[in-house]
Amino acid sequence: MNIAVWGLGNHAINNILPALNKTKALNLLGICTRNQENLKKYSTKYKCIPWSSHQDMLNKKNLDVIYLATPPELHFKQGVEILSSNKHFWSEKPLTNKYKNAQQLISLSKKNNLSVFEGFMYFYHPQFIELKKIIDNEFLGNLKEIRCTFELPHLENPGYRNNIKLGASALFDLGCYPISLILKLFENYNIELLKVDLKKNLKVDISGEISLKVNSSINCFLKWGYDKKYKNEIELIGSKQKVFTDKIFSKDKKYLPKFSYIDQNNKSTHKEIEQADHFELMFDAFYSFINPKKIKEESDFILKLSRFEEMVLNYKDQGV
């Protein structure tokens, strides 16, 4: 199956292209960017087609999938173009920053019998799979509380993150990770949004905290933001044990994840999880997901997450 990458920022260069180059089920057919220097450099490196015109890319007959890695505000319009050209639409998060736009994209994909997938790579890492097993097996006893944080220090090169016209938003850049984690871990549970605190700078939200309640019994406290001490972690507190793991979201493929358990007697144990490139695993999964059942499951989750993000963004103290 032939795939192209549209957009060639640092993330695409450092993570997406190397992963696609190693994914056996997918052939990197080409890349599309207006940056002529990067276009020449990376099309030569990966021996693929260079497109400076996205229309030329969309018109390519033997191209099956386009992975979109452009700024978030462009995703909806470009996603419509991708699906209208009869190509699968796989995207960096957020797929779009408006629920109504997510609905339109999913509707168009159904009409054209195509897949739409959102690039939450951490779902496919053994670390997240282990986390889900811990919860599903009730290893901690009665789960009482979850605390999850994703915060970044000051960025010297923030890219689109300072430009509201390109979709700048800490919620859609960082907050989507802990929110998606709770929604994925508890897909079949009732999740209630209790409290939201978003901080803004020049109309751009730069940090956030929310409180959730899962099945009226599990309290969840989620935090994210820029210009903080780096944190990328989750802690689960149960009646028998509590567990902590670091770098649950973003991590290098050489990172060795570890779960730390503390029991009621304050005795600690540790379990290491294998290293993995979650981008490679994500693309392998996306390829295997091109079937009606999986496409529907992914579409349903995209809509659920998009609706929840909009609830957070529009939250008022009087109610959602």
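What comes next is a walk through the structure. (Residues numbered from 1 in each chain as written. Predicted model: local features only at pLDDT ≥ 70, side-chain atom pairs only at ≥ 80, totals over all residues. Heavy atoms only, no water.)

1. A look at unusual backbone geometry
With an omega of -10°, the peptide bond between K93 and P94 qualifies as cis. The phi dihedral of K47 is positive, around 50°, even though this residue is not glycine. With respect to the helices and strands, K47 occurs in the loop between helix 2 (36–45) and strand 3 (49–51). Judged by its relative accessible area of 77%, K47 is exposed. You will see that N113, though not glycine, has its phi angle at about 55°, which is positive. By the secondary structure assignment, N113 is in the loop between helix 5 (99–111) and strand 6 (116–118). Its relative accessible area of 67% is what places N113 among the exposed residues. (Helix = DSSP H or I, 4+ residues; strand = E, 2+ residues; numbered from the N terminus. Buried < 20%, exposed > 50% of the residue type's maximum accessible area, 1.4 Å probe, protein only.)

2. A few points about helix 2
Inspection of helix 2 places N38, L39, Y42 and S43 among the buried residues, and these make up the whole buried set. For helix 2, the arc enclosing every buried residue in end-on projection is 110°, short of the 170-degree limit, so these residues lie on one face. Every exposed residue of helix 2 that faces more than 90 degrees away from the buried side is listed here: E37, K40, K41, T44 and K45. Looking at the buried positions of helix 2, the neighbouring elements they touch are helix 1 (10–22), strand 2 (27–32) and strand 3. Two or three places before E37, at the start of helix 2, stands the capping residue N35, its side-chain oxygen 3.1 Å from that residue's backbone nitrogen. In the segment just after helix 2, K47 is the residue with positive phi, at about 50°. (Arc of directions from axis to C-beta. Contact = heavy atoms within 4.5 Å. Polar contact = N/O pair within 3.5 Å; in protein donor to acceptor, adjacent residues only side chain to side chain.)

3. Here we look at the pairing of strand 12 (residues 241–246)
Side chains Q241, V243 and T245 project from strand 12 onto a buried face, and the interleaved K242, F244 and D246 project onto a face without burial. Taken together, the five bridges between strand 11 (residues 231–238) and strand 12 define a ladder with antiparallel strand orientation. Bridging from a neighbouring strand, E233 pairs with D246 of strand 12. The turn joining strand 11 and strand 12, which pair antiparallel and follow one another in sequence, is formed by two residues. Here strand 12 pairs with strand 13 (residues 258–263) via five bridges, running antiparallel. Among the inter-strand pairings, T245 is bridged to a residue of strand 13, identified as F259. (Pairing = 2+ DSSP bridges.)

4. Quick word on the side chain of S169
One can find S169 in the loop between strand 7 (143–151) and helix 7 (170–185). By relative accessible area, S169 is classed as buried at 6%. Within polar-contact distance, the side chain of S169 engages the backbone nitrogen of F172 at 3.2 Å. When neighbours within four sequence positions are excluded, S169 is seen to be in contact with V204, D205 and Y226.

5. With respect to the sheet that holds strand 14 (residues 268–272)
Taken in spatial order, the eight strands line up as 8-9-10-7-11-12-13-14 in an open sheet, and their pairing is mixed. Each edge of the open sheet is held by one strand with a lone partner, namely strand 8 (191–201) and strand 14. In this sheet, neighbouring strand axes are inclined to one another by 10° on average, regardless of whether the strands run parallel or antiparallel. Inspection of the sheet shows strand 7 paired to strand 10 (residues 218–225) by seven bridges, in the parallel sense. Considered in strand 10, the bridge of F150 is made with W224. Sheet strands in contact with helix 7 are strand 7, strand 8, strand 9 (204–214), strand 10 and strand 11, and its direction is about 160° off that of strand 10. Across the sheet, helix 9 (residues 292–313) is in contact with strand 8, strand 9 and strand 10; its angle to strand 8 comes to roughly 60°. (Axes fitted to C-alpha atoms, helices over the stretch in contact; angles between N-to-C directions.)

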